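Survey of secondary and tertiary structure
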Amino acid sequence: MSPIVLVAVAAVVLFVTISALVSRYKRCPSDKILVIYGRTGGTSAKCVHGGGAFIWPVIQDFAYLDLKPISIEANLTNALSRQNIRVDVPCRFTIAISTESDSMNNAAERLLGLTPEQIQELSKDILFGQLRLVIATMTIEEINSDRDKFLDNISKNVDTELKKIGLKLINVNVTDIKDESGYIEALGKEAAAKAINEAKISVAEQEKIGETGKAVADRERDVQIAETHRDRDVKIANTNKDREVSIAEASKDENIGKALAERDTRVKTSEANALAIRGENEAKIAIAQSDAARREKEAEALRIALASEKVQQAKALEEAYVAEQKAELARADRERSTQNANIVVPAEIAKQKAIIEAQAEAERLREQAKGEADAIFAKMDAEARGLYEILTKQAEGYKEVVNAAGGDPNKAFQLLLIEKLPELVKTQVEAVKNIKIDKITVWDSGNTENGNGSTANFVSGMMKTVPPLNDLFNMAGLNLPSYLKGEDKETDREDAAPETNTGQTK
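A brief look at the structure comes next.

Conventions we followed
- Residues numbered from 1 in each chain as written.
- Predicted model: local features only at pLDDT ≥ 70, side-chain atom pairs only at ≥ 80, totals over all residues.
- Heavy atoms only, no water.
- Helix = DSSP H or I, 4+ residues; strand = E, 2+ residues; numbered from the N terminus.
- Polar contact = N/O pair within 3.5 Å; in protein donor to acceptor, adjacent residues only side chain to side chain.
- Contact = heavy atoms within 4.5 Å.
- Phe/Tyr/Trp six-rings, centres within 6.5 Å; stacked < 30°, edge-to-face > 60°.
- Buried < 20%, exposed > 50% of the residue type's maximum accessible area, 1.4 Å probe, protein only.
- Expected span 1.5 Å × (residues − 1).
- Pairing = 2+ DSSP bridges.
- Axes fitted to C-alpha atoms, helices over the stretch in contact; angles between N-to-C directions.
- Salt bridge = Lys/Arg side-chain N within 4 Å of Asp/Glu carboxyl O.

Residue position: Gln60 is located in strand β5 (residues 60-66). Separated by 2.7 Å, the side chain of Gln60 and the backbone oxygen of Arg39 make a polar contact. A distance of 3.1 Å separates the side chain of Gln60 from the backbone nitrogen of Trp56, its partner in a polar contact. Leaving out residues up to four positions away in the same chain, Gln60 has contacts with Arg24, Ile36, Tyr37, Arg39, Thr40, Phe54 and Ile55.

Structure follows, in C-alpha cells:
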C-alpha cells in the first residue's frame, strides 16, 4: 500500500474521530437544563444550565428538562377555615423547574422523562394540599382582607413542598373567594356601606367647608368695600371741612359777594357729593345683586354637577352590577360544568360499572346454579340408575326364587322368610335383652282372682309385651306358615267338636 493511501486513510480516520468527538459536545439552551446521567462521578446525574458539556460515549448519556412555566388552575372547593367555615378559593398557580443546584438535581431524579401534563398533575396534588393547609390556619377576615399575608403563606408552604421535586413557584393569583354561608358577601356589603357612608360624610363636610369659606370670603370682600367707601367719604368730608374752614377764614376778609359765592360753591359741592354717594350706593346695590345672581348660578351649577356626578356613579354601579352578574353567570356555568364533571360523570361511570358488575355477578350465579343443577342432576341420575339396577336385580332374583319354588309364590315367600327368620327372632330377643331382672322391684299385694300372685305374673306379662312372630306377620298382611306357628287350639277345638257330636249321634 502506497504512502499516499495510508495518509488518506489516516486523515479519514482522524476526521471521523474528531467529528464524533465534536458531535458529543452538547450545548444547553437557555430555556432548558442539560441532564447528564450514567458515570457522573458519584452523583445520580449532573445538571448544566447554560453553556455546554462533553458527553462521553458509551458511559454517559443526556436528556433535557424544559424550563417553560406551567400554569395550573386549582379551584379549591369546600376548604375548611380556622372558623370552621367552608370556602371556595379559585387560584391559578404558575410553576417551573428551578435552576438552583439542589432543585435541579431533585428535578433530574424525579421529573426526567415526564411530560408537562404529568408534571402538572403531580404538582396539582401538592398545591391543593398546601392550599387547604394555609386556609385551615387563617380566618375568613384574614383571607379576604389581608391578601398579602394570605399569598405570602401560600408561597412559603407551596414553594417548600415544590422544591422537594425540583420545582419553584413563580406566581399565584387568587381570583374570587366565596363561602357557602355568605359570610364574605356580608363582609363586602358591610365594607361597601361603610365606604359609601364615609364618602357621603366627606362630601357633606367638604360642601359645608366650601359654603363656609365662600360666605367668609364674601363677607370679607363686602367689609373691604365698605371700609374703602367709608375712607373715601371721610377723606371727602375732611377735605370739604378744611375747605369750608378756609373759606370761612377768607370770608372774614372778603366781602359779602365772595361769601355768597362760597355759599353757592358749597351748595354745589354738597349736591355733587350727594350725587357721588348715591352713585356709590347704586353701585353697591348692583354689586350685591350681581353677587346674589352669581351665588345663585354657582348653586345651580353645583346642583347640576352633583346630580350629574350621582347619575354617573349610578350608571357606573349599574354597569359594574351587570358585569358582576355576567361574571357570576359565567362562574355558575363553570361551576355547573365542574360539578357535572366531578359528580355526574363519575356517578354515571359508577352506575355503568355497578350494572356491569351486577350483570357479571348474575351471570356467574347463573353459571354456578347451572353447574350445581347439572351436578345434582348427574347425582340423582346416577342414584336413579343405581336404584334401577338394584330393583332390577332384586326382581330378577325374586323371579329366580319363584322359579326355584316351582312357580308357587307362597313357597317362594316361605323361602325368603326362612332367610329373614333369624333376624326376626334376633329382633324379639333384643327387645328384652337389656332388661336387668335383678334390678326390678315388684310390690306384691297378694293373690289375684285366679289365685296367682302378681310377682308370678310379672315375667309372663312382660313377655306378652313383645309381639309374637305370628302377630308381626299379621300386621304385615302375611300368614306365618303352620309349621312355624303350630296348630291353632281354637281350630283344633272346632275340629274336635263335630267329632264329639258325631260320636254322640252315633
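Bringing the packing of aromatic side chains into the picture now. Two numbers describe a pair of aromatic rings. These are the distance of the centres and the angle of the planes. For the structure on display, the rule yields 2 aromatic pairs. Between Phe54 and Trp56, the aromatic rings sit 4.9 Å apart at their centres with planes inclined by 85 degrees, giving edge-to-face as the arrangement. Among the residues examined, Phe54 registers a relative accessible area of 27% and is labelled partly exposed. Aromatic side chains Phe62 and Tyr64 sit 5.8 Å apart centroid to centroid with 80 degrees between the ring planes, which places their arrangement in the edge-to-face category. The class of Tyr64 is partly exposed, set by a relative accessible area of 33%.

Its 21 residues give helix α3 (residues 116-136) an end-to-end C-alpha distance of 30 Å, which sits within 8% of 30 Å, the value for a rise of 1.5 Å per residue. The secondary structure elements touched by the buried residues of α3 are β6 (70-80), β7 (86-97), α4 (140-145), α5 (147-163) and β8 (167-174).

Where strand β2 (residues 32-38) lies against β5, 7 bridges are found, and the strand directions are antiparallel. Within β5, the position partnered with Leu34 by the bridge is Tyr64. In terms of strand pairing, β2 meets strand β3 (residues 45-48) through 4 bridges, oriented antiparallel. Its bridge partner lying in β3, Ile36 is registered against Lys46. Between β2 and the antiparallel strand that follows it, β3, lie 6 residues; Gly41 among them carries a positive phi value of about 85 degrees.

Next up on the list: the sheet that holds β2. Overall, antiparallel pairing links the 3 strands, which are arranged β3-β2-β5 in an open sheet. Each edge of the sheet is formed by a strand with only one pairing partner; in this case those strands are β3 and β5. For this sheet, the mean angle separating the axes of adjacent strands, direction not counted, is 25 degrees. With respect to the sheet, helix α2 (residues 101-110) is in contact with β2, β3 and β5, its orientation differing from that of β3 by roughly 125 degrees.

Within this structure, the stated rule accounts for 14 salt bridges. Its salt-bridge partner being Glu361, residue Arg364 comes within 2.3 Å of it at the nearest N-O pair. Of this pair, Arg364 and Glu361 both sit in helix α7 (residues 256-404), separated by 3 residues, roughly a single helical turn. With relative accessibility at 42%, the residue Arg364 sits in the partly exposed group. The class for Glu361 is partly exposed, based on a relative accessible area of 35%.

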